[in-house]
Amino acid sequence: MMDKAILAEKLGMTQIFTDDGRAVPVTVLRAGPCVVTQIRTPERDGYAAVQIGFGDVKAAKVTKPLAGHFKKGKVAPRRTLVEVRTDAAGSFSVGQELKADLFAAGEGVDVIGVSKGKGFAGVMKRHNFAGLKDSHGTERKHRSPGSVGSGTTPGRVFKGRKLPGRMGHERTTVLNLRIVESDPERDLLLVRGAVPGRNGGLVMVRGAVKGVRRS
């Protein structure tokens, strides 16, 4: 179970240089500030978790139930709310602000986001099919999937068959990344490598649930 997490906006990728001259590809994230809007306890809710909010939003655009929720916690309305399960929920308090200094350089993290939507794609792009042969009578069907099932028996296409369709725009988790630099003054986190989603998209950075890879 993760011990901490923060919401962030993906700003884009760049590179930084180490002292020995190596170029390190990094993704720049605007991490927080987030605010704790609710604490879940095993006694009251059956599990331990922390609800955090990110992003400013006008009070007029918040629904009445959410407006009452924010009013109860005495916090300003937030555009996005997520709940993070953690055994350390008791160490947080409603109204507490979470910033980029929640993570330090060298820490291992997982990044969760929604991958880029690619639209309708064929099986070669979507599922990495090899396609049909370029010779021996194949005509204008080189990128087709080939046979998708037998005819009379069972006379249908089995569920789960890999076929053309919408590609991307799915919840994606990249494990075992590393924080290269943490800049609390500018609310920035520099994460080594690529993270899911488009520039401007929302991601969640959490403590790594597995060991971080060496690099």
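Right above here is the structure, for reference.
The structure displayed is predicted, hence computed values, not measured ones.

> I'd like a description of the nonpolar core, backed by residues and values.
Ile6, Leu29, Phe103, Val109 and Val205 are the most contacted members of the largest nonpolar core, which has 31 residues in total. Of all the elements in the fold, those that place two or more residues in this core are strand S1 (5–17), strand S2 (23–31), strand S3 (34–40), strand S4 (49–56), strand S7 (108–114), strand S10 (171–183), strand S11 (188–192) and strand S12 (202–207). If sequence neighbours within four positions are ignored, Val109 has contacts with Phe103, Val174, Leu175, Asn176, Leu177, Ile179, Val191, Val205, Arg206, Gly207 and Ala208.

> Quick rundown of the sheet that holds strand S6 (residues 97–98)? Include the residues and the values.
Pairing in this open sheet of 4 strands is antiparallel, and the strands run S5-S4-S3-S6 from one edge to the other. The open sheet terminates on both sides in strands that have one partner only, identified here as strand S5 (78–85) and S6. Sitting on the sheet, helix H2 (residues 64–73) touches S3, S4 and S5, and the angle it makes with S5 is about 65 degrees.

> Which residues make up the sheet that holds S1, and what are the values?
What the 6 strands build is a closed barrel, ordered S1-S2-S11-S10-S7-S12; its pairing is antiparallel. Geometrically, the sheet is characterised by an average inter-axis angle of 50 degrees between neighbouring strands, direction not taken into account. As defined by bridge partners, S1 adjoins S2 across 9 bridges and the pair is classed as antiparallel. Paired with Met13 across the strands is Thr27, a residue of S2.

> Provide a residue-level description of the environment of Thr138, including the pertinent values.
Its location among the elements puts Thr138 in the loop between helix H3 (123–127) and strand S9 (165–168). Setting aside residues up to four positions removed in sequence, Thr138 forms contacts with Leu132 and Lys133.

> Go over the packing of aromatic side chains with me, naming the residues and quoting the values.
Applying the stated rule across the entire model yields 0 aromatic pairs. Across the ring face of Tyr47, the terminal group of Arg85 is positioned such that the distance to the ring centre comes to 4.1 Å.

> Before we move on, could you go through the side chain of Lys10 and cite the residues and values that matter?
Structurally, the position occupied by Lys10 is in strand S1. No salt bridge is formed by the buried Lys10, whose closest oppositely charged neighbour, Glu9, lies at an N-O distance of 11 Å. One polar contact links the side chain of Lys10 to the main-chain carbonyl oxygen of Gly197, over a distance of 2.7 Å. Aside from chain neighbours lying at most four places away, what touches Lys10 is Thr27, Val28, Leu29, Val195, Pro196, Gly197, Arg198, Asn199, Gly200 and Gly201.

> How would you sum up the pattern of salt bridges? Please name residues and give values.
Here the structure, examined in full by the defined rule, presents 10 salt bridges. Arg22 serves as the salt-bridge partner of Asp20, at 3.5 Å between the closest nitrogen and oxygen. Measuring nitrogen to oxygen at the nearest pair gives 2.9 Å for the salt bridge that ties Arg40 to Glu83. Here Glu83 lies in strand S5 and Arg40 lies in strand S3, a separation of 43 residues in the sequence.

Reading guide: rules and limits
- Residues numbered from 1 in each chain as written.
- Predicted model: local features only at pLDDT ≥ 70, side-chain atom pairs only at ≥ 80, totals over all residues.
- Heavy atoms only, no water.
- Core = buried A, V, L, I, M, F, W, Y, C linked by side-chain atoms within 4.5 Å.
- Buried < 20%, exposed > 50% of the residue type's maximum accessible area, 1.4 Å probe, protein only.
- Helix = DSSP H or I, 4+ residues; strand = E, 2+ residues; numbered from the N terminus.
- Contact = heavy atoms within 4.5 Å.
- Pairing = 2+ DSSP bridges.
- Axes fitted to C-alpha atoms, helices over the stretch in contact; angles between N-to-C directions.
- Phe/Tyr/Trp six-rings, centres within 6.5 Å; stacked < 30°, edge-to-face > 60°.
- Lys NZ or Arg CZ within 6 Å of the ring centre and 35° of its normal.
- Lys, Arg positive; Asp, Glu negative; His and termini not counted.
- Salt bridge = Lys/Arg side-chain N within 4 Å of Asp/Glu carboxyl O.
- Polar contact = N/O pair within 3.5 Å; in protein donor to acceptor, adjacent residues only side chain to side chain.

In short, geometric facts, not functional conclusions.
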